[in-house]
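The lines below spell out each chain.
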Amino acid sequence: MFHAQLCSRLGREIICIDGKAERGTVLANGRNLDIVSAYSFNTGITLATEACPEKSNEIKAIPQLIDKLDFAGKTVTADAMSMQKDIIDRIRGKGADFLIELKANQPSLRYGVEDRLKEYKPLYSYTDGPELGHGRIETRTYNIYDGLEIIADKEKWGGNMTIIEYMAQTVRKTTAINTREKRLYVSSLPADTPSMGSIVRHHWSIESMHWGLDVNLLQDKVKRKSAKAARNLDTIQRIVYSVFSIWKGLRKKRSDKRKGVAELMRHVSMSFTRLMRFLCQK
C-alpha cells in the first residue's frame, strides 16, 4: 500500500532487475549465493528477490522473479543477462515495456545490429553534459533508432524494438585521462519516448543500491553458513536500506537530503529521541 501511494505521485514506474553475489556465503559447490532482485527506481524499495538455483544462474531465477510481481504499465530495465526469449516474452505478457543492454551473449543480434547501424541515421540524437561528478567530467550522447529495418529476427523477440546507442566520453580531473565507452540497448518503448537516455541511467540505481549494501551495511563482510541465513539477512538489510532511502527523500531539510544512508543511520542511532522522531515522522 505504501509503495503504491509513493508511485501514484511519481509517474510511470521503472523497475530495475539485477543480481548480486553474497560473498559472505560460500555454498557446498564453492560458489557464492546469487540473489536476483527487482528494485523500484521511483520509490527506492526492493519489491521482490529470488535466489538463483545452486547449480544455475540468473537466467533461471529472473523468470520466477517476474512471475511474483505485477508489471502492467511499467518499464523493466535489466543487464544483458536478461536478453533471453523467455524473459522478454514474460515481460511482454505482463503488459510491461523493457529496456535491456545488448551484448555478445546474443551474438547474431548484437553484431547484426552493430553492423547495420552504420547504414542508418538516428531518428533522434541528443547529448547530456558535460557534467562534473565523482572526480570526472562526463559527456553522454544517445542515438535512437527504429529497429524495424535493422533487427533481422524481430519475430523471435515478440515484435519490433527500438535501439539506443549510448556513447560516453569521460575525462578524469586528477589525471586528465580521456576514455570513451559505447553501449547498445534494445527496448519495446517507441522511439519517440521522451528521455530515453534517462531510463538507461536509471537502471544504474540498482547497482548503486547494491554498492550501498556492501559499503554502508557491510553485507559482503558478514559470514553466513547457509543460503537460508544469507537470504534472511539480505531481506532485512534491504528493508533497512529502503526505509532510510525513503526517509531521506521525504525530508524537507536540505542538510538531511545531503546525508548519505550511512550518515543518516549514524545520526539516528546517536540518541533515543532521534530514533523516535525518525519512526514517528509523517
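Structure report, in brief.

Rules and cut-offs
Residues numbered from 1 in each chain as written. Predicted model: local features only at pLDDT ≥ 70, side-chain atom pairs only at ≥ 80, totals over all residues. Heavy atoms only, no water. Pairing = 2+ DSSP bridges. Helix = DSSP H or I, 4+ residues; strand = E, 2+ residues; numbered from the N terminus. Axes fitted to C-alpha atoms, helices over the stretch in contact; angles between N-to-C directions. Contact = heavy atoms within 4.5 Å. Buried < 20%, exposed > 50% of the residue type's maximum accessible area, 1.4 Å probe, protein only. Core = buried A, V, L, I, M, F, W, Y, C linked by side-chain atoms within 4.5 Å. Parallel < 35°, antiparallel > 145°, perpendicular 65-115°, else oblique. Phe/Tyr/Trp six-rings, centres within 6.5 Å; stacked < 30°, edge-to-face > 60°.

It is worth spelling out the sheet that holds strand S2 (residues 32-40) at this point. Spatially, S3-S2-S1-S4-S5-S9-S8-S7-S6 is the arrangement adopted by the 9 strands of the open sheet, whose pairing is mixed. Edge positions in the sheet fall to strand S3 (46-51) and strand S6 (124-133), since each of these pairs with one other strand and no more. Averaged over neighbouring strand pairs, the angle between their axes works out to 25° when direction is ignored. Sheet analysis places strand S1 (residues 14-26) next to S2, joined by 9 bridges and oriented antiparallel. Looking at S2, one finds that Ala21 is bridged to Asp34. Across the sheet, helix H3 (residues 85-93) lies against strand S4 (75-78) and strand S5 (97-102), angled at about 160° from S5, the strand it touches most. Most of the contacts of helix H6 (residues 204-215) go to S1, to which it runs at about 30°, and overall it touches S1, S2, S3, strand S8 (162-172) and strand S9 (178-187).

In this section: unusual backbone geometry. In this model, Ala176 sits at a positive phi of 65°, which is unusual for a non-glycine residue. Structurally, Ala176 can be placed in the loop between S8 and S9. By relative accessible area, which is 55% here, Ala176 ends up exposed. The phi dihedral of Ser195 falls on the positive side, at around 55°, and the residue is not glycine. Along the chain, Ser195 turns up in the loop between S9 and helix H5 (196-202).

What follows covers the side chain of Ser82. The topology assignment puts Ser82 in the loop between S4 and H3. Ser82 sits in the buried class, given a relative accessible area of 1%. In contact with Ser82, other than residues within four places in its own chain, are Ile62, Ile87, Ile88 and Ile100.

As a further point, take the nonpolar core. In terms of nonpolar packing, the biggest core is built from 33 residues, with Ile17, Phe71, Met83 and Val113 touching the most fellow members. Secondary structure elements with two or more residues in this core: S1, S2, helix H2 (58-68), S4, H3, S5, helix H4 (107-116) and S9. The element that contributes the greatest number of residues to this core is H2, accounting for 4 residues. Not counting the four nearest positions on each side in its chain, Met83 is found in contact with Ile88, Ile100, Glu101, Leu102, Asn105, Gln106, Leu109, Trp157, Met161 and Val186. Counting 20 residues, the second largest nonpolar core, distinct from the first, contains Ile14, Ile144, Ala191 and Ile206.

What follows concerns the packing of H2 against H3. Interaxial distance between H2 and H3 falls to 10 Å at its minimum, and their mutual angle equals 10°. Taken together, the axes of H2 and H3 are roughly parallel relative to one another. Between H2 and H3, the contacting residues are Ile59, Ile62, Pro63, Ile66 and Asp67 on the first element and Asp86, Ile87, Arg90 and Ile91 on the second.

With that settled, the discussion passes to the packing of aromatic side chains. The tally for this structure, following the rule as stated, stands at 3 aromatic pairs. Both rings, one in Tyr126 and one in Tyr142, keep their centres 5.4 Å apart while their planes meet at 35°; by these two values the pair is tilted. One end of the pair, Tyr126, is in strand S6; the other, Tyr142, is in strand S7 (residues 136-146), and 16 residues separate them in sequence. With relative accessibility at 27%, the residue Tyr126 sits in the partly exposed group. According to the relative accessible area criterion, Tyr142 is buried, its value standing at 0%. Relative to Tyr166, the ring of Tyr142 has its centre 5.5 Å away and its plane inclined at 45°; by these criteria the two rings are tilted. Taken together, the residues Tyr142 in strand S7 and Tyr166 in strand S8 connect sequence positions 24 residues apart. Taken as a pair, Tyr142 and Tyr166 share a single burial class, namely buried. Following the ring pairs from residue to residue traces out a cluster consisting of Tyr126, Tyr142, Tyr166 and Trp204.

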